[in-house]
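Chain and residue survey
Chain residues, written in single-letter form:
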Amino acid sequence: MAEKEERKVTPRSQDFAGWYNDIILRAELADYSPVRGCIVFRPDGFAIWEALRDELDRRIKKTGARNAYFPLFIPQSFIHKEARHIEGFSPELAVVTHGGGKQLEEPLIVRPTSETIINHMFAQWIHSHRDLPMMVNQWCNVVRWEMRTRMFLRTTEFLWQEGHTAHATQAEAERETLTMLEVYRSFCEEYLAIPLVTGRKSAAERFAGAVETYTIEGLMGDGRALQCGTSHFLGQNFAKAFEIRYLDDNNQLQQVWQTSWGVSTRLLGAIIMVHGDDQGLRIPPAVASVQVVIVPIWRKPEERESVLGAARAAFAALDTAGVRVRLDDREGLTPGFKFNDWEMRGVPVRVEIGPRDVASGEVVLARRDAPGKESKRKAPIAELPARSRALLDEIQRDLYAQALARREAETRQFDDYASFQKQMEGEGGGGLADVYWCGAAACETRIREETKATCRAIPLSQQIAPGRCIVCGETASERAFFAKAY
Ligand SMILES: [Zn+2]
């Protein structure tokens with residue numbers, strides 16, 4: 001009983017936010033820190049971040065960007081150079097005024113993002129068209145002083161990657177912005193099994209200092225949207241502020257065109273909220289640090305050695321085949337407790353080996369995404385590596401398919417404002433609303449104030465006839481996704 005009580009999690013349907021926090025704490029992904037608004041990444045949570053980071057890093061490098069590292073501290077004057085940038089970030093800045101026991105001559109900002117310091121360096125590194133394109137990425141922490149925080153989704157300090165590029169032409173920079181949007185989309189869909197809508201942001205939702213912001217948006221299990229990553233076309237705003245110029249092949253001085261793009265540890269929150277259930281996490285196999293857990297089961301002491309021997313052999317076979325595997329040979333815990341424990345931690349496949357399995361040369365494979373006896377499968381021990389790999393691939397596809405089906409069921413087209421407003425009523429989400437919008441800020445503001453929904457994305461390719469704006473009834477040439485968001 002004690003075991004059971006300890007494992008109890010707030011039901012997802014009852015209290016989504018409570019469920020979310022319970023999962024993070026019980027699955028030991030993260031913990032609260034003594035500093036308000038900051039969290040501690042525990043090894044199981046950090047392992048997901050590492051797997052995600054390694055794969056995304058590989059994909060980023062394939063586009064031609066290289067990793068660098070810039071300082072945590074930024075001179076305060078840098079932040080003031082781009083007017084909209086300072087306006088956007090001002091209330092969120094952490095400022096260092098003292099160092100070495102003395103007041104600093106110029107206060108230092110703890111980076112909220114690194115546009116300013118990177119562009120300061122770009123101005124010194126870029127001289128000629130031969131220096132372009134310049135493409136750097138950095139994996140680092142940033143600080144934004146948040147008033148309302150939620151683990152992984154909005155924390156005062158968070159981890160991310162930020163890419164910064166400079167190009168000779170506008171067209172090249174615009175192409176780079178969209179290339180990275182596509183890198184993020186394919187990465188999240190293929191690797192994290194999170195289906196996305198993509199598009200550009202409205203002016204109100206744009207990054208501070210950008211000409212255009214593009215976004216990938218996921219729909220979480222409670223019907224709220226989550227911005228999962230952004231790619232910004234910065235135009236020449238920062239190039240002007242930081243005087244980043246190059247000599248073109250006619251020996252004329254030109255300003256560069258720029259982009260920046262990033263995803264953060266927020267993606268861990270997305271994995272939990274898209275795939276998790278009342279039993280705990282469900283980690284997509286691609287990103288799981290343990291893909292298969294082996295649980296040996298015996299009752300009588302004389303069964304122990306043969307079962308453990310078979311379990312060790314199974315471990316070795318999977319390990320050799322490149323499957324990330326763990327053998328749970330902890331003593332003094334019931335198989336039932338272990339099953340619950342690994343379900344909570346979201347391990348995609350469990351292999352059960354008992355005395356009868358050893359005798360028949362078989363094992364039992366159980367799927368985390370499809371609990372219950374019906375989905376269990378027996379497999380000959382010799383086929384375990386191949387069967388596990390196939391099952392992991394199937395689970396990866398099924399998790400995506402399940403999430404996509406839910407996203408589609410929660411996406412609705414509206415023609416009249418009243419029914420749209422009604423859908424967004426209440427405490428929870430409301431799904432994605434797909435509506436004609438004229439693009440006027442006044443209509444967007446009214447939607448936000450009356451429904452709490454914000455413009456999440458305006459899809460890029462729209463082959464549609466003009467319609468009527470859901471708010472004002474004027475002609476609208478585009479549809480946009482609105483949703484309540486994190
Ligand atoms: Zn309108």
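Conventions used here
- Residues numbered from 1 in each chain as written.
- Predicted model: local features only at pLDDT ≥ 70, side-chain atom pairs only at ≥ 80, totals over all residues.
- Heavy atoms only, no water.
- Salt bridge = Lys/Arg side-chain N within 4 Å of Asp/Glu carboxyl O.
- Buried < 20%, exposed > 50% of the residue type's maximum accessible area, 1.4 Å probe, protein only.
- Donors = N, O, S within 2.8 Å, 3.2 Å for Na, K, Ca; no water.
- Tetrahedral: all angles 85-135°; square planar, octahedral: opposite > 155°, others 65-115°.
- Phe/Tyr/Trp six-rings, centres within 6.5 Å; stacked < 30°, edge-to-face > 60°.
- Helix = DSSP H or I, 4+ residues; strand = E, 2+ residues; numbered from the N terminus.
- Pairing = 2+ DSSP bridges.
- Axes fitted to C-alpha atoms, helices over the stretch in contact; angles between N-to-C directions.
- Contact = heavy atoms within 4.5 Å.

Observations concerning the pattern of salt bridges
Using the criterion set out here, one finds 35 salt bridges in the structure. Residues Asp-222 and Arg-224 are paired through a salt bridge, measuring 3.8 Å at the closest nitrogen-oxygen approach. Given a relative accessible area of 22%, Arg-224 falls into the partly exposed group. Each of the salt bridges in this network shares a partner with another, and the network as a whole consists of Glu-28, Asp-44, Asp-328, Arg-330, Lys-338, Asp-341 and Arg-345.

With respect to the coordination of the zinc ion
Every protein donor of the zinc ion is accounted for by Cys-438 (SG), Cys-443 (SG), Cys-469 (SG) and Cys-472 (SG), and the metal-donor separations fall at 2.3 to 2.4 Å. Of note is the zinc ion, whose four donor atoms meet at the metal with angles of 104 to 116° in an arrangement that counts as tetrahedral.

A few points about the packing of aromatic side chains
Here the structure, examined in full by the defined rule, presents 15 aromatic pairs. When the centroid spacing of 6.2 Å and the interplanar angle of 80° are considered together, the rings of Phe-41 and Phe-46 count as edge-to-face. Consider the rings of Phe-420 and Phe-482, whose centres lie 6.4 Å apart with planes at 65°: the pair is edge-to-face. With Phe-420 in helix α14 (residues 417-424) and Phe-482 in strand β25 (residues 478-483), this pair connects stretches of sequence that are 62 residues apart. Of the two residues, Phe-420 and Phe-482, both sit in the buried class. Each member of the aromatic cluster is reached from another via a ring pair, and the members are Phe-414, Tyr-417, Phe-420, Trp-437 and Phe-482.

Side note on the sheet that holds strand β15 (residues 292-296)
Taken together, the five strands give an open sheet; going across it, the order is β16-β15-β17-β18-β19, and neighbouring strands pair in mixed fashion. Edge positions in the open sheet fall to β16 (325-327) and β19 (377-380), since each of these has one partner strand only. Shown here is a sheet whose adjacent strand axes are inclined to one another by a mean of 25°, direction ignored. With five bridges connecting them, β15 and strand β17 (residues 349-353) associate as parallel partners. Bridge pairing in β17 links Val-292 to Val-349. Contacts from helix α10 (residues 301-320) reach β15, β16 and β17, with the element oriented near 170° to β15.

Section: the sheet that holds strand β11 (residues 225-235)
Within the open sheet, the seven strands sit side by side as β3-β7-β8-β14-β11-β10-β9. Their pairing is mixed. A strand with exactly one partner marks an edge of an open sheet, and here the two such strands are β3 (66-67) and β9 (196-200). Two elements, β3 and strand β7 (residues 134-143), share two bridges in a ladder whose sense is parallel. In the strand pairing of β7, Arg-66 is matched with Val-136. This element, helix α6 (residues 115-125), spans β7, β8 (157-167), β11 and β14 (257-264) of the sheet and lies at about 30° to β8. Each of β7, β8, β9, β10 (212-219), β11 and β14 touches helix α7 (residues 170-191); the most contacted strand, β14, lies at about 15° to it.

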